[in-house]
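A look at the structure
Residue strings, one per chain:
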Amino acid sequence: LSALGETFYSEGDYVSALKYYEDALSLAIKYNDKFDIKQNFIIGSISKVYRDMGYFEKSLTYAERCIDGYRMTNGIRSGSYSLALALKADILQKMEDKDSSMSVRMLSLEILRKIYGFSDICISEGYIPLIRSYIENKQYKKAGKTCDYVLNKIKGTTNSSIKWNIAKLYEQKSYIYYKIG
């Protein structure tokens, strides 16, 4: 059922996605008395649907439930926990709580760095969203410095995943310099 929810979500049919995610969550809870990773994933997916529908308070409630679930099942030093924090940061950004959003996003990045080091996951799930948040908050100099820092760290890499991120970083950098003038 959650796979059907994922399909409808990717097609932008949020009402159908929500129905399948909620049905999947009900079954997951019914047949497993412990909180598990699958339940956390579904709860995070429900949060994303509510976020994209503009129901930010409801989305935030599910994101926090997802964070608590990953904390219980995986611990706070897991990639899943970090991604749930990033979801919360996205929601807070949409709610225009920029300070809280940046604080949560920095915590997410810190966890990613500790787990994965300076890897493609850390760049795509940590630094690029951080740069995007700086831009959305009109903090162009911080965005530019962060962009330059990451580009200097990955200079000369042969990792194809990181090369894709380099293109994203240069795209962000071009926009930053356009905004700065």
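The shown structure was predicted, so the numbers you read here are calculated from the model rather than taken from an experiment.

Some points on the nonpolar core
Core analysis: the biggest nonpolar cluster contains 27 residues, and Tyr21, Ile42, Ile46, Val49, Tyr81 and Leu85 have the highest contact counts within it. Going through the elements one at a time, helix H2 (14-31), helix H3 (37-53), helix H4 (56-73), helix H5 (79-94) and helix H6 (98-116) are the ones with two or more residues in this core. Beyond its immediate sequence surroundings of up to four residues, Ile46 is in contact with Leu18, Tyr21, Glu22, Leu25 and Tyr62. Counting residues in each nonpolar core, the second largest holds 20 residues, with Ile123, Tyr127, Tyr140 and Ile154 among its members.

Quick look at H6
Its 19 residues place the ends of H6 26 Å apart at the C-alpha level, agreeing with the 27 Å of an ideal helix rising 1.5 Å per residue. For H6, the set of buried residues is Ser101, Met102, Val104, Arg105, Ser108, Leu109, Ile111 and Leu112. Elements in contact with the buried residues of H6: H5 and helix H7 (120-136). Of the residues trailing H6, Gly117 is marked for its positive phi of about 70°.

What about the environment of Leu25?
Assignment of secondary structure puts Leu25 in helix H2. Taking C-alpha positions, Leu25 is 9.1 Å from Asn40, a pair spaced 15 residues apart along the chain. Sequence-distant contacts of Leu25, that is, excluding residues within four places in its chain, are made with Gln39, Ile42, Ile43, Ile46 and Arg65.

Concerning the packing of helix H1 (residues 2-10) against H3
Where H1 meets H3, the axes come as close as 11 Å, and the angle between the chain directions of the two elements is 25°. Considering the angle they form, H1 stands roughly parallel to H3. Considering only the axes of H1 and H3, their crossing is left-handed. In contact with Ser2, Glu6 and Tyr9 of H1, H3 contributes Lys38, Phe41, Ile42, Ser45, Lys48, Val49, Arg51 and Asp52. Split by residue class, the contact of H1 with H3 holds four nonpolar, two polar and five charged.

Focus on the layout of surface pockets
Within this model, the largest pocket holds a volume of roughly 420 Å³. Taken together, 23 residues make up the lining of the largest pocket; nearest its centre are Lys48, Leu83, Ala84, Leu87 and Glu125. Of all the elements in the fold, those that place two or more residues in the lining of the largest pocket are H3, H4, H5, H7 and helix H9 (160-180).

Quick look at the environment of Gln139
Secondary-structure assignment places Gln139 in the loop between H7 and helix H8 (140-153). Under the relative-accessibility criterion, Gln139 is labelled partly exposed at 29%. C-alpha of Gln139 to C-alpha of Leu60: the two residues are 79 residues apart in sequence and 24 Å apart in space. Setting aside its immediate chain neighbours within four residues, Gln139 contacts Met102 and Tyr134.

So, the pattern of salt bridges
Counted under the stated rule, the structure contains ten salt bridges. Two residues, Asp52 and Arg51, come together in a salt bridge whose shortest N-O distance is 2.9 Å. For Asp52, a relative accessible area of 30% gives the class partly exposed. Between Arg105 and Asp90 there is a salt bridge, with its nearest N and O atoms 2.5 Å apart.

Quick notes on the rules
- Residues numbered from 1 in each chain as written.
- Predicted model: local features only at pLDDT ≥ 70, side-chain atom pairs only at ≥ 80, totals over all residues.
- Heavy atoms only, no water.
- Core = buried A, V, L, I, M, F, W, Y, C linked by side-chain atoms within 4.5 Å.
- Buried < 20%, exposed > 50% of the residue type's maximum accessible area, 1.4 Å probe, protein only.
- Helix = DSSP H or I, 4+ residues; strand = E, 2+ residues; numbered from the N terminus.
- Contact = heavy atoms within 4.5 Å.
- Expected span 1.5 Å × (residues − 1).
- Axes fitted to C-alpha atoms, helices over the stretch in contact; angles between N-to-C directions.
- Parallel < 35°, antiparallel > 145°, perpendicular 65-115°, else oblique.
- Left-handed = near helix turned anticlockwise from the far one by under 90°.
- Nonpolar A, V, L, I, M, F, W, Y, C, P; charged D, E, K, R; others polar.
- 1 Å grid on protein atoms, 1.4 Å probe; cavity = no way out; pocket = protein on both sides within 12 Å on 5 of 7 lines; lining within 4 Å.
- Points joined across faces, edges and corners; volume = space filled by probe spheres on them.
- Salt bridge = Lys/Arg side-chain N within 4 Å of Asp/Glu carboxyl O.

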